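Inside the fold
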Amino acid sequence: MCLLIACGGAFAKTMVWQPAAGHTQIPIWPGAAPGTQQVPGPETATVSDKLLAGKPVTAVTNVTRPTMTVYAPTGKNTGAAVVVIPGGGFQILAIDLEGTEICDWLTSRGITCVLLKYRVPGVPYVWQCDCRPHNYQLSVPSLQDAQRTLRLVRHHAAEWHIDPHKVGVIGFSAGGYLAAEISTNFNRRLYAPVDAADKESARPDFAMPIYPGHLAVDHDSKLNPNVPVSRETPPTFLVQAEDDNVDGVQQSLVYFTALKKAGVPVEMHLYAHGGHAFGLRPTSNPITRWPALAETWMSTIGMIPAAEQRDGGH
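Residues numbered from 1 in each chain as written. Predicted model: local features only at pLDDT ≥ 70, side-chain atom pairs only at ≥ 80, totals over all residues. Heavy atoms only, no water.

**Remarks on the overall build of the protein**
- A count of helical and extended segments in the protein gives six helices and 14 strands.
- In terms of overall size, the protein behaves like a compact globule, its C-alpha atoms giving a radius of gyration of 18 Å where 314 residues would be expected to give roughly 20 Å.
- For the protein, buried positions account for 57% of its 314 residues.
- Nonlocal contacts in the protein, meaning residues at least 24 apart in sequence, comprise 80% of its contacts between residues at least 6 apart.
- Carbon and sulfur atoms provide 53% of the accessible area of the protein, an area that totals close to 12,700 Å².
- Averaging the locations of the 24 positively and 26 negatively charged side chains of the protein gives two centres separated by 4 Å. (Helix = DSSP H or I, 4+ residues; strand = E, 2+ residues; numbered from the N terminus. Rg over C-alpha atoms; globule rule 2.2 N^0.38 Å. Buried < 20%, exposed > 50% of the residue type's maximum accessible area, 1.4 Å probe, protein only. Contact = heavy atoms within 4.5 Å. Areas by Shrake-Rupley, 256 points an atom, 1.4 Å probe, with all protein chains shown as cover. Lys, Arg positive; Asp, Glu negative; His and termini not counted. Charge placed at Lys NZ, Arg CZ, Asp CG, Glu CD.)

This is the structure:
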């Protein structure tokens, strides 16, 4: 819903989303996902009529069979991997703006990208009514999908040439909330183990919530209790615009304060302009240069080499 508000416009050209040639969606559950709920219709991908930074936005919805798509590094492999979590208000997934385009950036920097297509619509969005629900709930179905994906990445680390101690997450808007949820609820058992992969840790080694939502409650002054920050929460990188009128800059401010209080390494970048759902598409706003800052941060916490040590670094 947040993405729909930010982008506006109608969506057209209904289809089923598929990754680019050479990539395959991998089901993250061997059978039906735990607690699968009925959704309004078949899974579809639609393309917006309106443009965002000169391009349309593709929205996927009615996902009941969550998948991950693995994108190998195109630059020199750093051994790091990032699970990419698109936003869309738990109603849709902005699968290109906050998904494949993020993977293009990460893989060019030698980072394996794992694009998560998680279940939507789902809590805290309530699709059965035309209303904005109480939106601080734990997003259980999508968090189950995120936990399972982190475990699968580590389970396949050797096969995919990944260092299992350098597996992070990046999420946008609702996906930013999910990145915070997996950073703080990684030990919370939300489903019965289904195979050997579930013996692996679901804790990200680092997290990047970008313009996150659902984090600030009680008149924007307290942290959502469903994201219980502790000393074990991974190092975190935050980006938000002060003129974000969808989720609001207080989302990052509240989370930053909680992380700092817990002694978690955290870096936050706030910009005057940028609004919401800007992804990494370049515009005249300085905020769209945040990926370079994220790269520097990932190197300072030891997840990737510094730019001058990487082939093709910028």
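**Overview of the pattern of salt bridges**
- In total, this model carries nine salt bridges according to the counting rule given.
- The salt bridge involving D195 is made with R148; its shortest N-O contact spans 2.8 Å. Linking D195 in the loop between α4 (174-184) and β10 (206-210) with R148 in helix α3 (residues 140-155), this pair joins segments that are 47 residues apart in sequence.
- For R154, the salt bridge goes to D205, with nearest N and O atoms at 3.0 Å. Linking R154 in helix α3 with D205 in the loop between α4 and β10, this pair joins segments that are 51 residues apart in sequence. (Salt bridge = Lys/Arg side-chain N within 4 Å of Asp/Glu carboxyl O.)

**Side note on unusual backbone geometry**
- The residue after V120, namely P121, is reached through a cis peptide bond having omega -5°.
- By secondary structure assignment, the location of P121 is in the loop between β8 (112-117) and α3.
- At the junction of V123 and P124, the peptide bond is cis and its omega measures out at 5° in the coordinates.
- Counting through the fold element by element, P124 comes out in the loop between β8 and α3.
- Phi is positive for A53, close to 55°, though the residue is something other than glycine.
- Here A53 is to be found in the loop between β3 (44-48) and β4 (58-61).
- Of note in this structure, S173 is not a glycine but carries a positive phi near 55°.
- Locating S173 in the fold gives a position in the loop between β9 (167-172) and α4.
- For S173, a relative accessible area of 2% translates into the label buried.

**Side note on the packing of aromatic side chains**
- Counted by the stated rule, this structure contains nine aromatic pairs.
- Relative to Y211, the ring of F172 has its centre 5.8 Å away and its plane inclined at 55°; by these criteria the two rings are tilted. Here the residue F172 occupies a position in strand β9, and Y211 occupies one in the loop between β10 and β11 (216-217), the gap between them amounting to 39 residues.
- With a relative accessible area of 0%, F172 lands in the buried category. (Phe/Tyr/Trp six-rings, centres within 6.5 Å; stacked < 30°, edge-to-face > 60°.)

**As for the pairing of β4**
- Burial along β4 is two-sided: the residues T58 and V60 and A59 and T61 are all buried.
- By the bridge criterion, four bridges tie β3 to β4 in an arrangement that is antiparallel. Looking at β4, one finds that V47 is bridged to T58.
- The pairing of β4 with strand β7 (residues 93-94) spans two bridges and is antiparallel. Each bridged residue has a counterpart across the sheet, and for A59 the counterpart in β7 is A94. (Pairing = 2+ DSSP bridges.)

**Details of the nonpolar core**
- One finds I170, M208, I210, W290 and M298 to be the most contacted residues of the largest nonpolar core, which totals 84 residues.
- With near-sequence residues (within four places) excluded, I210 lies in contact with I170, G171, F172, S173, F237, V239, F278 and W290. (Core = buried A, V, L, I, M, F, W, Y, C linked by side-chain atoms within 4.5 Å.)

**Overview of the layout of surface pockets**
- As a volume, the largest pocket reaches approximately 230 Å³.
- Along the walls of the largest pocket sit 16 residues, with Q37, P121, G122, V123 and W127 positioned nearest its centre.
- Residue composition of the lining of the largest pocket, grouped by class: eight nonpolar, seven polar and one charged. (1 Å grid on protein atoms, 1.4 Å probe; cavity = no way out; pocket = protein on both sides within 12 Å on 5 of 7 lines; lining within 4 Å. Points joined across faces, edges and corners; volume = space filled by probe spheres on them. Nonpolar A, V, L, I, M, F, W, Y, C, P; charged D, E, K, R; others polar.)

**Re helix α5 (residues 250-261)**
- The end-to-end C-alpha distance of α5 is 16 Å, a good match for the 16 Å that twelve residues give at a rise of 1.5 Å each.
- When α5 is considered as a whole, its buried residues turn out to be Q251, S252, V254, Y255, A258 and L259. Relative to the axis of α5, the buried residues are bounded by an arc of 165° and lie together on one face. Those residues of α5 that are exposed and angled more than 90 degrees off the buried face are K260 and K261. (Expected span 1.5 Å × (residues − 1). Arc of directions from axis to C-beta.)

**Examining the pairing of β3**
- The buried fraction of β3 is high, at five of five residues.
- Here β3 shows two buried faces, one formed by T44, T46 and S48 and the other by A45 and V47.

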